[in-house]
Amino acid sequence: MIEYGAADRVKVTLTVNNESLTGYASSRMLLSDFIRHELGLTGTHVGCEHGVCGACTIQIDGRPVRSCLMLAVQAEGREIQTVEGLSDKGTLNRLQQAFRSHHALQCGFCTSGILMSMTNLLNENPTPTDDEITDILSGHLCRCTGYVGIVKAVQSLVLENIARENGENA
Amino acid sequence: MKKIADKVYVSQALERVEDSALLAGAGVFADDIAVGARTGHAAFLRSPHAHADINSIDIKTAEALDGVHAIVVGEDLRAWSRPFIVGVKQPMEHWCLAQDRVRYIGEPVAIVVAEDRYIAEDALALIEVDYTPLKAVVDPEIAILKDAPVLHEAVGSNLISERNFSYGDPEKAFRDADRIVSMKVRYPRNACTPIECFVVNADYDAAEDNYDVLANFQGPFSLLPVMALALNIPVNKLRLRTPPDSGGSFGVKQAIFPYIVALCLASRKAGRPVKWVEDRLEHLMAATSATNRVTEIEGAVTKDGELIGLCYRQLEDCGGYLRAPEPATLYRMHGNMTGAYKVQNLAIENRVVLTNKTPTGLNRGFGGPQVYFALERLMHKIAVELKLDPLEVIKRNLVEAKDMPYRTPSGALYDSGDYRKAVLEACKKGNLEALKKRRDQVRGAGGLYGIGYTAIVEPSISNMGYISTALTALEREKAGPKDGGAAMATVSVDALGSVSVTMDSTPQGQGHRTVAAQVVADVLGLKPADIRVDVTMDTAKDNWSISAGNYSSRFAGSVAGSVHLAAIEIRDKLKRMAQTSLNIAADKVSFSDGKFSDADNPDNAIQFRRLAGQAHWSPGLLPEGDVPGLRAASSWTMPELEAPDPEDRVNSSGAHGFVFDYCGVEIDRDTGRVRLDKYVTMHDAGRLLNPALVDGQVYGGFTQALGAALFEELSYTADGTFQAGSMAEYLIPTVAETPAPVILHMSSPSPFTPLGAKGVGEGNSMSTPVCLANAVADALGRDDIELPLKQSKVRDWIGIRETPPTSGGAVATPVADKDAITGRGELTIRLPVERVWDLLLDPENLEKAIPGCRELIVEGDHSYRADVSVAVGPVRGDIVALVKLSDLDPSKFLRLGGSADGPLGSSTGSGTILLTATGANGDATILHYDYSVSLSGKIAAVGGRLLGGAMKVLIKRFFERFIRIAAPETAPAGFPLFGWLENLLRAIGIKR
């Protein structure tokens, strides 16, 4: 058995949503616990703690990561984005608004992780195909919506992005 | 007129008020709520056995661990609590922690309260429980046999409730029938598994002997008295609050209530607030489950397919304990056991049995999936036997629109609907003809394609008295009648005219706040954005009754109706005030555009907010009889929800929607995969309050039901070992497996609910699993369809057999215990047999070679005790393994047997090792091994998928180390995997 007490906590400094934050973690503390309970950013949710449900997905250095499968100490010095960084002073961004318009959430528990994965998908490819959306979204479990609204929300942004590209090309 | 229409918000698909916060990560879920610095964090020690006596629990070492505040065990409970009350009259005790016996894997045995959860889990590993395992029983049909192991000895049997019902003249119907069609079906165990697990914060206040709890409990609040009785306190000493947001429930979070009691007691013992967050393994293993049910169903039919008599024999499996409100799953549907059909002769035999599995409870559909699986499979079979079209058989038997409201033989009063019209419209709009053509095409090309149909009645708004149908009329008379189902809401208008609403629906993500705002906005002539709705519950302050909560799809019909009535009360008071204020006659008060005015003189008017202000600032101006302030508290129940009558007829639900579904499935002949080609679902849920939210309910319910039909099963081995402890075993549909259904609506408003609405969230849970089963039955032309429709099962039905691998590798050996993990293999070591033999018997060498081995103690002649830490993926923990070697034939053969225990579970295993000399000079050894290991507890729950991978890793590590130590000069060779020690390893490292 690994024995740790309060005294074994180490300082962890990282950048979260463009802000430098510091907290303390025991060497075995999960990053998800650290973000939620040490940094107080409770928008990242924990659903399974074995990497299947995707609710705890965040971005680290621009890549989507399950925060329940990483230790807090591994995040030292890294650049993290969480769901709290998506909206600007209470104004929903395009993806968030599309989720709202298409009833892409009900209880909202899995939504944070899905938003982070979809943000990454659209950053890397503003016009993914339906199969590409399905591929990435299948890394998340949603128990409320049947995924219909989520797919529609992302598709609506893809259509906008295509229109924009066409506009730029014209 | 158009202008007025713009202001009607009900029935519009408005965006939700809940979403801004949820999308920004600003929702407030139970685990998000900050706790004080003194709060201790709890972890549960759970039974690794399906059935065992507890001889002793030693907590000394665990208590001594730095950071541990308190440990609670079964005997602590006796001073401060009582067993939970039980819904049938039987001498059974269920406590929130096991007393002297455990009855299912995962049953709570002890609670550790520590500085943080990590330390609490460390301490779990240090608690030593001495168990005597008992024979377990898992199958309900075996559990009722005379020689079956009995769970509750005081009862003397596992059969804890039996009732027989007869309505109309079923005997005559079966005598008169042209044909009797019968079948036996089994509905499996599954659960709706919300993504957020249970959370409880409990705080005992010794000064006032009061428990203050915050938990993501969903109701029904009839469980609050159950909890208070268990805590031995009046209900007003248990204050229960719910958080603003909950991460889904679907019935499941009803089952948090034993944990609320447990955490209250933990707080009391620890002398500090205690927080507990359930993890996913705990949730899947031990939270709750829908009931599994065995049903024998018979239909008496005429030759043209009219159902004239119906008979159910239901055997309901409620798991290890009958936990409130069970056996409600069996009785929730009692009034509507005849479904959408007009048959009036009905016989029902209901038996409830206990088995060594997790206790059951609320799950979306609650009783509907089980009942309709039997009834609709029967309707399909009737068509097959009579060589009729299944759709025609359904249509021939539907309750007629002209007979609405319609009284079923067992007492339900169907409120409204035109079932035939709904069926016809669904066939047309969903293009059934095209689907039939597609079936013909696929079949013509040699494929397997089937179409399934289902027609069901979806009950909502439970009668709080239906559960008492489990008792005899005499027992009911003694206890007093139970009926009704109150819905409570308040609408308040403050001194500046802004409106606040509360209600008793404890939503779990559906968007009730949005709908309530729509309802109130319409009545008070405001915008939904002006209305603030708070759905947190505080039982110390809010209006609530036993029927409060989020279950039986009660919101739309009942709670929203109550909100509507409260708003009307406010409007009426304002009208009376306007009459005084404007000095006009009552019938001249007009209300529009947020103004009250004189119908004859629109200039004589007063703004809503000014008038509302008067109620606070100027009570002297109030009409006679009106009280100061502006707050209406409504409490509404439906008079039709009467207590069961002496003949056991009960209107079990207040509203009855209709669902008609059909689907096409194609089955892959090579893989057995069932692919859902098209799904059409027609709903008549009365008036729709927000169509977007309604469709959201249908999509979500459909997807859960698709999971139940195709993948999901809380599966157990015959000895009670649980096998679905992770989301890699319990398979929830992802987007890739979820085609969107075609959703159609009709609207026959309910005459019984204030807004004409009915529940809509549970219909597909009831209709979809059997609709897919009927389609598969049609595709394969067979009756014995069981869920879930796993590929392995479907392959068997088709007759596909796996081709055995052509060569190499460890091949599973069939043995008597089909659930054991078995294998065999061999490897070559570049050492003479004598040397290998010595190394195998050298404890020091083993200690070094076994990964994570802290100590290997020689306990006797060739028997060892090993303390090992295992950490593979999410599975980690300490294990004490006892291994004994026997039948030693030096340098040739040995047999080993052993057992292991630890927080990961328990195991027993056996194996043999055979050494053969090889190589040119006999300087190398071939080591053959085989093994068989049975596991239980946590490690079994995470199942073969993880276990297989973990074994590989550990065995590879073991051999790398064994060979490195044994023959450093020859390592590292490419080892064929495994060794006998794998077996030891298994015995030690991963067993269970």
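Residues numbered from 1 in each chain as written. Chains lettered and ligands numbered in written order. Predicted model: local features only at pLDDT ≥ 70, side-chain atom pairs only at ≥ 80, totals over all residues. Heavy atoms only, no water.

To continue, consider helix α3 (residues 111-124) of chain A. An α-helical turn contains 3.6 residues, so any two residues separated by three or four positions project in the same direction. Residues and elements named next belong to chain A. Compared with an ideal rise of 1.5 Å per residue, which puts 14 residues at 20 Å, α3 spans 20 Å between its outermost C-alpha atoms and is within 8% of the ideal. With 12 of 14 residues buried, α3 is to be regarded as a mostly interior element. Turning to α3, its buried residues are T111, S112, G113, I114, L115, M116, S117, M118, T119, N120, L121 and L122. (Helix = DSSP H or I, 4+ residues; strand = E, 2+ residues; numbered from the N terminus. Expected span 1.5 Å × (residues − 1). Buried < 20%, exposed > 50% of the residue type's maximum accessible area, 1.4 Å probe, protein only.)

Looking at chain B, the domain boundaries give domain 1 (33-134 + 193-287), domain 2 (143-190 + 289-468 + 642-797), domain 3 (486-636) and domain 4 (821-990). Computed from C-alpha atoms alone, the centre-to-centre distance between domain 2 of chain B and domain 4 of chain B is 50 Å. (Domains from an automatic or database assignment.)

Angle between the axes and distance between the axes: these two values describe a pair of packed helices. Residues and elements named next belong to chain B. As a packed pair, helix α8 (residues 223-231) and helix α9 (residues 257-270) sit with axes 10 Å apart at the nearest point and diverge in direction by 35 degrees. For the pair α8 and α9, the sense of crossing is right-handed. When α8 is examined against α9, the residues L223, V226, M227, A230 and L231 are found in contact with a partner set consisting of F257, I260, V261, C264 and L265. When grouped by side-chain class, the residues that make up the contact of α8 with α9 number 10 nonpolar, no polar and no charged. (Axes fitted to C-alpha atoms, helices over the stretch in contact; angles between N-to-C directions. Left-handed = near helix turned anticlockwise from the far one by under 90°. Contact = heavy atoms within 4.5 Å. Nonpolar A, V, L, I, M, F, W, Y, C, P; charged D, E, K, R; others polar.)

Residue and element names in this part refer to chain A. Interhelical geometry of α3 versus helix α5 (residues 148-169) gives an angle of 25 degrees and a closest axis separation of 12 Å. Relative to α5, the element α3 is oriented roughly parallel. In this structure, α3 meets α5 at a crossing whose hand is right-handed. Where α3 approaches α5, its residues I114, M118 and L122 are matched on the opposing element by I150, V154, L157, V158 and N161. Looking at the contact of α3 with α5, its residues break down into 7 nonpolar, 1 polar and no charged. (Parallel < 35°, antiparallel > 145°, perpendicular 65-115°, else oblique.)

This paragraph deals with the sheet that holds strand β19 (residues 487-493) of chain B. Residue and element names in this part refer to chain B. Strand order in the open sheet made by the 4 strands is β21-β20-β19-β25, with mixed pairing throughout. Across the chains shown, the open sheet's two edge strands, defined by having one partner strand only, are β21 (531-534) and β25 (631-636). In this sheet, neighbouring strand axes are inclined to one another by 15 degrees on average, regardless of whether the strands run parallel or antiparallel. Direction of pairing for strand β20 (residues 499-503) relative to β21: parallel, over a ladder of 4 bridges. Across the sheet, the residue bridging to S500 is R532, located in β21. Sitting on the sheet, helix α18 (residues 554-582) is in contact with β19, β20 and β25, with an inclination near 145 degrees to β25. (Pairing = 2+ DSSP bridges.)

Consecutive side chains of a regular strand alternate in pointing toward one face of the sheet and then the other. Residue and element names in this part refer to chain B. The element strand β1 (residues 40-46) is largely enclosed, with a buried count of 6 among its 7 residues. Two strands pair when backbone bridges link them, and β1 and strand β5 (residues 108-114) are joined in this way by 6 bridges, in the antiparallel orientation. Residue F44 lies in a different strand from β5, and its bridge partner there is I111.

Moving on to unusual backbone geometry. At the junction of E326(B) and P327(B), the peptide bond is cis and its omega measures out at 10 degrees in the coordinates. Position of P327(B) relative to the elements: it lies in the loop between β14 (307-317) and α11 (328-331). With an omega of -10 degrees, the peptide bond running from L787(B) to P788(B) counts as cis. The phi dihedral of N17(A) is positive, around 50 degrees, even though this residue is not glycine. Even without glycine at this site, H103(A) takes up a positive phi of about 50 degrees. Within the secondary structure, H103(A) sits in the loop between α2 (94-101) and α3.

Right, let's talk about α18(B) for a bit. If you check α18(B), its first and last C-alpha atoms are 40 Å apart, about what 29 residues at 1.5 Å a residue would give, namely 42 Å. Two residues or fewer after α18(B) comes N583(B), characterised by a positive phi angle close to 60 degrees.

On to the interface of chain A and chain B. The partner chain B presents 58 residues to the 50 residues of chain A that form the contact. Of the roughly 4,300 Å² buried between chain A and chain B on both sides combined, carbon and sulfur atoms contribute 59%. Inspection of the region where chain A meets chain B yields 5 salt bridges. D32(B) is the salt-bridge partner of R36(A), the closest N and O atoms lying 2.7 Å from each other. For the interface between chain A and chain B, the tally reads 24 residue pairs in polar contact (both at pLDDT 80 or more). (Buried area = accessible area lost by both parts, 1.4 Å probe. Salt bridge = Lys/Arg side-chain N within 4 Å of Asp/Glu carboxyl O. Polar contact = N/O pair within 3.5 Å; in protein donor to acceptor, adjacent residues only side chain to side chain.)

What follows is about the environment of Y187(B). All names here are of chain B. Checked against the element boundaries, Y187 lands in strand β8 (residues 179-187). You can call Y187 buried: its relative accessible area is 6%. When the C-alpha atoms of Y187 and T288 are compared, they prove to be 16 Å apart, with 101 residues separating the residues in sequence. Sequence-distant contacts of Y187, defined by excluding residues within four places in its chain, comprise T291, N292, R293, P369, Q370, F373, A708, P769 and L787.

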